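# Fold and geometry: a report
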Number of protein chains: 2
Amino acid sequence: MTYCAALKLDDGIVFGADTRTNAGVDNVACFRKLHRWIEPGERVIVLLTAGNLSVTQSVVTLLEEQVSSGRREGRDNLLDAPNMFHAARLVGSALRSVRDVDGPSLEASHAPFAASFLLGGQIRGEPPRLFNVYAEGNFIEAGPDTPFFQIGEHKYGKPILDRVARPSMSLPDAAKLLLLSFDSTLRSNLSVGMPLDILLYRTDSLRVSLERRIDRDDAYFQELSRSWSASLREAFARIAGLDPGDPVSV
Amino acid sequence: MTYCAALKLDDGIVFGADTRTNAGVDNVACFRKLHRWIEPGERVIVLLTAGNLSVTQSVVTLLEEQVSSGRREGRDNLLDAPNMFHAARLVGSALRSVRDVDGPSLEASHAPFAASFLLGGQIRGEPPRLFNVYAEGNFIEAGPDTPFFQIGEHKYGKPILDRVARPSMSLPDAAKLLLLSFDSTLRSNLSVGMPLDILLYRTDSLRVSLERRIDRDDAYFQELSRSWSASLREAFARIAGLDPGDPVSV
């Protein structure tokens, strides 16, 4: 499996992806799931991928090919898309064309055509936007009521996001929150694994603010994980236990 | 869906179950999923159920019928099982007999035969034991390395259990931990809902120590939920954000 998440804030967008892929627990590998297309001063487009790796790699390759040939030949591609809605359409369309090729054989083997994407960033002339693209190629966009999207193994890391995520958070705080959500997931599910890729985009900068691969011995992540565990245990100890002197109904 | 969990400690076993069932989000109802068979001084047997409600209710009804007729006629039943392993076999066997009746029709409609159970308690002459019974009727038993089992919507509430659960915990602390695990799940998933049923069993007491239905206005649960949220937000604020001054690789 995979865990990817992105938070859209007033200040920008924070993206995170793990790198573990597996075909059964005895066949584990490391692949990048955070991809980006950048033209500094003009646009930053980030794509996080989850699902069948052959499908998501094919989609990313098609998008890359569209950029290299489309720029020369004046055809549609991510670096010339007029807005992020159009960029999301390009991702959906690439996904549908992979489905046309690989879908029937996968379905014949009862292997689901599984793929989902988070697409976010900013194109000059409009505010930052964040989309969740489904396996069918359709998509939804994040708004102020729901400032984050998750794909893949999303359940373990959702409670902390539900409690803490606010559009008014600072980018460093949102990065911290995202990493705590990953920490909870990494501890509870072997199919999500280090290293992590994170990327911070600041509104209207039209450049990447921070991009970092976080591996096992990353000092910030280690300290974050250690102090969060210690804080949770302290908080747990401070809350009163359920009084066993309460009436028993038996 | 459902969320049920049980923790086996040196001091006893703590059981918890929500009560929400649903056939689609537009058809939600409240059903008890914590069942128990008690003979004070002799045995306490608790069964938590998840999955298709028609299946789990049939299993519980068969087990009840076995008790009423079996006691009279000297046949196998939960209140006469010589040990908890045998009790788990009775649950598995009841489940298989329901599958024989209802399985083919469910499969014909592509509805999965979904059911799982947590069975725990103590029968005089052996220590407390806790089992996880699968939809096929086979089962596993909790040991000191893995002191808890969960069934149903288990992912949201697993991180806090993974971090805090220890066999050496006191019963009131374990009840607190179980309720925090439910709190995280209730906040993130609508298919798990109040009220909750919890039951505490103390090793060698051969009686129920505490049984309580916790509804929305339960003062202990409200305070637990409020102070846990506040503690998490404080702990979050204390940890440094990711320094955006770090080197950018773009």
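Residues numbered from 1 in each chain as written. Chains lettered and ligands numbered in written order. Predicted model: local features only at pLDDT ≥ 70, side-chain atom pairs only at ≥ 80, totals over all residues. Heavy atoms only, no water.

Secondary structure assignment for chain A yields five helices and 12 strands. Computed over the C-alpha atoms, the radius of gyration of chain A is 20 Å, within 12% of the 18 Å expected from 2.2 N^0.38 for a compact globule of 250 residues. Put simply, chain A has 250 residues, and 55% of those count as buried. In chain A, 63% of the contacts between residues at least 6 apart in sequence involve partners at least 24 apart. In the structure as shown, chain A presents an accessible area of about 10,400 Å², 51% of it carried by carbon and sulfur atoms. The centroid of the 28 positive side-chain charges in chain A is displaced by 2 Å from the centroid of its 32 negative side-chain charges. (Helix = DSSP H or I, 4+ residues; strand = E, 2+ residues; numbered from the N terminus. Rg over C-alpha atoms; globule rule 2.2 N^0.38 Å. Buried < 20%, exposed > 50% of the residue type's maximum accessible area, 1.4 Å probe, protein only. Contact = heavy atoms within 4.5 Å. Areas by Shrake-Rupley, 256 points an atom, 1.4 Å probe, with all protein chains shown as cover. Lys, Arg positive; Asp, Glu negative; His and termini not counted. Charge placed at Lys NZ, Arg CZ, Asp CG, Glu CD.)

Looking now at the interface of chain A and chain B. Each side of the interface is counted separately: chain A has 52 residues, and chain B has 52 residues. For the pair chain A and chain B, the summed buried area comes to about 4,700 Å², and 63% of that belongs to carbon and sulfur atoms. The largest contributions to the chain A side of the interface with chain B come from A:Arg163, A:Phe236 and A:Leu242, which together make up 20% of the buried area. Joining chain A to chain B, the criterion identifies four salt bridges. When the shortest N-O distance is used, the salt bridge between B:Glu153 and A:Lys155 registers 2.9 Å. (Buried area = accessible area lost by both parts, 1.4 Å probe. Salt bridge = Lys/Arg side-chain N within 4 Å of Asp/Glu carboxyl O.)

Residue and element names in this part refer to chain B. Their axes nearest at 10 Å, the elements helix H4 (residues 171-188) and helix H5 (residues 219-238) cross at an angle of 75°. The orientation of H4 relative to H5 falls into the category roughly perpendicular. Here H4 contributes Lys176, Leu179, Leu180, Asp183, Leu186 and Arg187 to the contact with H5, which in turn contributes Tyr220, Phe221, Leu224, Ser225, Trp228 and Ser229. Its residues assigned to classes, the contact of H4 with H5 shows seven nonpolar, two polar and three charged. (Axes fitted to C-alpha atoms, helices over the stretch in contact; angles between N-to-C directions. Parallel < 35°, antiparallel > 145°, perpendicular 65-115°, else oblique. Nonpolar A, V, L, I, M, F, W, Y, C, P; charged D, E, K, R; others polar.)

Let's shift gears to the relation of the copies chain A and chain B. Least-squares fitting of chain A to chain B yields an RMSD of 0.0 Å, with the superposition described by an axial translation of 0.0 Å and a rotation of 180°. The two molecules are tied by a two-fold rotation axis, judged by turn and shift. Of every C-alpha in chain A, the one belonging to A:Tyr156 sits nearest the axis of rotation, 2.4 Å from it. The share of interface residues of chain A whose copies in chain B are also at the interface is 100%, consistent with both copies meeting through the same surface. (Least-squares fit on C-alpha atoms with pLDDT ≥ 70 in both.)

Turning to the sheet that holds strand S9 (residues 139-141) of chain B, a few remarks are in order. Residues and elements named next belong to chain B. Pairing within the open sheet is antiparallel, and its five strands lie in the order S5-S6-S7-S8-S9. Every other strand in the sheet has two partners, leaving strand S5 (34-39) and S9 as the edge strands with one partner each. The average undirected angle you get between the axes of adjacent strands in this sheet is 15°. Pairing analysis gives nine bridges linking strand S6 (residues 43-51) to strand S7 (residues 115-123), with the strands arranged antiparallel. Residue pairing across strands places Ala50 opposite Ser116, the latter belonging to S7. Across the sheet, helix H2 (residues 84-108) is in contact with S6, S7, strand S8 (129-133) and S9; its angle to S7 comes to roughly 155°. (Pairing = 2+ DSSP bridges.)

Take the sheet that holds strand S12 (residues 208-214) of chain A next. Residue and element names in this part refer to chain A. Within the open sheet, the five strands sit side by side as S10-S1-S2-S11-S12. Their pairing is antiparallel. Two strands close off the open sheet at either side, each with one partner strand: strand S10 (148-152) and S12. Across this sheet, the average inter-strand angle for adjacent strands is 10°, counted without regard to direction. Where strand S11 (residues 196-202) and S12 come together, six bridges link them in antiparallel fashion. Looking at the pairing, Leu199 lines up with Glu211 of S12. Contacts between helix H4 (residues 171-188) and the sheet are confined to strand S1 (3-9), strand S2 (12-17), S10, S11 and S12, with S1 contributing the most and set at about 160° to the helix.

So, on to the pattern of salt bridges. Residues and elements named next belong to chain A. Per the counting criterion, the structure on display carries 40 salt bridges over all chains. A salt bridge links Lys158 to Asp162, with the shortest nitrogen-to-oxygen separation between them at 3.0 Å. Here Asp162 and Lys158 lie together in helix H3 (residues 158-164), a separation of four residues that amounts to about one turn. Each member of the salt-bridge network shares a partner with another, and the members are Arg32, Arg36, Asp197, Glu211 and Arg213.

All names here are of chain A. By the secondary structure assignment, Val55 is in helix H1 (residues 53-73). For Val55, a relative accessible area of 0% gives the class buried. Separated by 44 residues in sequence, Val55 and Arg99 have C-alpha atoms that sit 7.9 Å apart. Leave out the neighbours within four places in its chain, and Val55 touches Leu95, Val98, Leu106, Phe113, Ala114 and Ala115.

It is a general feature of regular strands that their side chains alternate between the two faces of the sheet. The element strand S12 (residues 208-214) of chain B is extensively covered by neighbouring structure, given that five of its seven residues are classed as buried. Linking two consecutive strands that pair antiparallel, namely strand S11 (residues 196-202) of chain B and S12(B), is a turn of five residues; a positive phi of about 70° is found at B:Asp204 within it.

What follows concerns the packing of aromatic side chains. Under the definition given, this model contains six aromatic pairs over all chains. Summarising the aromatic geometry, the rings of A:Phe131 and A:Phe139 are spaced 5.5 Å apart at their centres and angled 85° between planes, so their arrangement reads as edge-to-face. Each member of the pair A:Phe131 and A:Phe139 is classed as buried. When the centroid spacing of 5.5 Å and the interplanar angle of 75° are considered together, the rings of B:Phe85 and B:Phe139 count as edge-to-face. Taken as a pair, B:Phe85 in helix H2 and B:Phe139 in strand S9 lie far apart in primary sequence, 54 residues in all. Residue classification places B:Phe85 among the partly exposed positions, given a relative accessible area of 35%. (Phe/Tyr/Trp six-rings, centres within 6.5 Å; stacked < 30°, edge-to-face > 60°.)

Looking now at the confidence of the model for chain A. Looking at chain A as a whole, the pLDDT averages 93, with 97% of positions reaching at least 70. Predicted complex, confidence summary: ipTM 0.82, pTM 0.88. (pLDDT = per-residue confidence, 0-100.)

For the rest of this paragraph, the subject is H1(A). Residues and elements named next belong to chain A. The first and last C-alpha atoms of H1 sit 29 Å apart over 21 residues, in line with the 30 Å expected at 1.5 Å per residue. When H1 is considered as a whole, its buried residues turn out to be Val55, Thr56, Val59, Val60, Leu63, Val67, Ser69 and Gly70. In this structure, the buried side of H1 is in contact with strand S5 (34-39), strand S6 (43-51), helix H2 (84-108) and strand S7 (115-123). One or two residues past the end of H1 sits Gly74, with phi positive at roughly 70°. (Expected span 1.5 Å × (residues − 1).)

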